[in-house]
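Spelled out from the first residue to the last, the chains are:
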Amino acid sequence: MSVQEIDLRRLVIKAFHMNEVEMGDQSSVGYNGVMTVSKELIPSLLEKYETIDSIDIQIIKPGEHDRWTNTIMDIIPISAKVLGKCGEGITHTLTGVYVMLTGVDTEGKQTHEFGSSEGQLNEQLVLGRAGTPGEDDYIISFDITFKKDMGQERHGCLEAHQACDDFIQVYRELMKKFDGNKATERHEYHDIARPGQKKVLIIRQVAGQGAMYDTYLFPDEPSGAHGGRSIIEMNNMPVFLTPNEYRDGAIRSMQ
């Protein structure tokens, strides 16, 4: 690094690849590349969140995308903050698997405002794009059935994201105990200031206009839902993020 450069912060992301995801009686994830998904948390989630009528969790294996899906509310990576705050320190993340949050109510009304995405998954989800699973990735389907009309209310949509976040948190707590030396991949990023050089600002427009069109910033965990601040409640004012904060999951779409 030259004397003209100032290293402001350092972020290390350690990835652990999952080769197999299967259903089981207890949630687990390990260095052997095997992840077990359990439905054991569902009763407590239904008791906690009043707008949700039922939850179904299924595993979609690679190549099994020719199947029905309710409206896709989000595709969520599984990442955990191990050391430091958002944008610096150490983050552990899983590769080879994503969580897909979907929603419908007991009357069959899809969770959407301007357009729904229910239908055949292979027609509604484009694989291999930024923010979507690859063709060889597993998808954990977290399918919410809301009580009547609750999927059209901001409170209901928020509870769906929070319930899914609670489910993911079980794995985050396990991932925080991982030995970083056993990671499949290691990526190191630095926020560098270069005094006297040109300043580059990238503008990203995010949603902030309704029940399913909200954006949360700086959640408690990378790409999480709990603890985030709503861009609507901040009156849609501009917010400055560092490159590493963006990389570390500081933005969570609540659509």
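The structure contained in this document is the topic of the report that follows. From a predicted model like this one, the values you see are computed outputs, not experimental measurements.

Turning next to unusual backbone geometry. Residue Phe218 is not a glycine yet carries a positive backbone phi of 55°. In this structure, Phe218 sits in the loop between strand E14 (215-217) and strand E15 (229-230). The exposure class assigned to Phe218 is partly exposed, which follows from its relative accessible area of 31%. Within the chain, Asn236 stands out as a residue other than glycine whose phi angle is a positive 55°. Here Asn236 falls in the partly exposed class, since its relative accessible area comes to 43%.

Our next topic: the nonpolar core. Grouped together as the largest cluster of nonpolar side chains are 35 residues, with contacts concentrated most on Met35, Ile78, Leu94, Ile140 and Phe142. Elements with a minimum of two residues in this core: strand E4 (34-37), helix H1 (42-48), strand E5 (52-60), strand E7 (71-76), strand E10 (97-105), strand E12 (138-146) and helix H3 (154-175). A per-element tally of this core places H3 first, with 8 residues. Not counting residues within four places of it along the chain, the set of residues in contact with Ile78 comprises Met35, His92, Thr93, Leu94, Val97, Val99, Ile140, Ile168, Tyr171 and Met175.

Let us now look at the sheet that holds strand E13 (residues 185-193). Reading across from one edge, E8-E9-E1-E13 is the order of the 4 strands in this open sheet, with mixed pairing throughout. Pairing within the sheet leaves two strands with one partner each, and these edge strands are strand E8 (79-83) and E13. Between one strand axis and the next, the sheet turns by 25° as a mean value, whatever way the strands run. Of the pairings in the sheet, the one linking strand E1 (residues 6-17) to strand E9 (residues 89-95) comprises 7 bridges and is parallel in character. Within E9, the residue paired with Val12 across the bridge is Ile90.

Another point: the pairing of E4. The pairing of strand E2 (residues 20-23) with E4 spans 4 bridges and is classified as parallel. Within the sheet, the bridge partner assigned to Met23 lies in E4 and is Val37. Relative to E4, strand E3 (residues 28-29) is paired through 2 bridges, and the arrangement is antiparallel. Each bridged residue has a counterpart across the sheet, and for Ser28 the counterpart in E4 is Thr36. Hairpin connection between E3 and E4: a loop of 4 residues separates the two successive antiparallel strands, and Gly33 in this loop has a positive phi of roughly 80°.

Taking 1.5 Å per residue as the helical rise, H3 with its 22 residues ought to reach 32 Å, and the 31 Å between its terminal C-alpha atoms agrees with that figure. The sharpest bend along H3 measures roughly 30° and falls at Ile168.

For the rest of this paragraph, the subject is the sheet that holds E3. Taking strand neighbours across the sheet as the criterion, the 3 strands line up as E2-E4-E3 in an open arrangement whose pairing is mixed. Looking at strand neighbours, the two that pair on one side only are E2 and E3, the edges of this open sheet.

The rules behind each value
Residues numbered from 1 in each chain as written. Predicted model: local features only at pLDDT ≥ 70, side-chain atom pairs only at ≥ 80, totals over all residues. Heavy atoms only, no water. Helix = DSSP H or I, 4+ residues; strand = E, 2+ residues; numbered from the N terminus. Buried < 20%, exposed > 50% of the residue type's maximum accessible area, 1.4 Å probe, protein only. Core = buried A, V, L, I, M, F, W, Y, C linked by side-chain atoms within 4.5 Å. Contact = heavy atoms within 4.5 Å. Pairing = 2+ DSSP bridges. Axes fitted to C-alpha atoms, helices over the stretch in contact; angles between N-to-C directions. Expected span 1.5 Å × (residues − 1). Bend = angle between axes of the 7 residues up to and from the residue.

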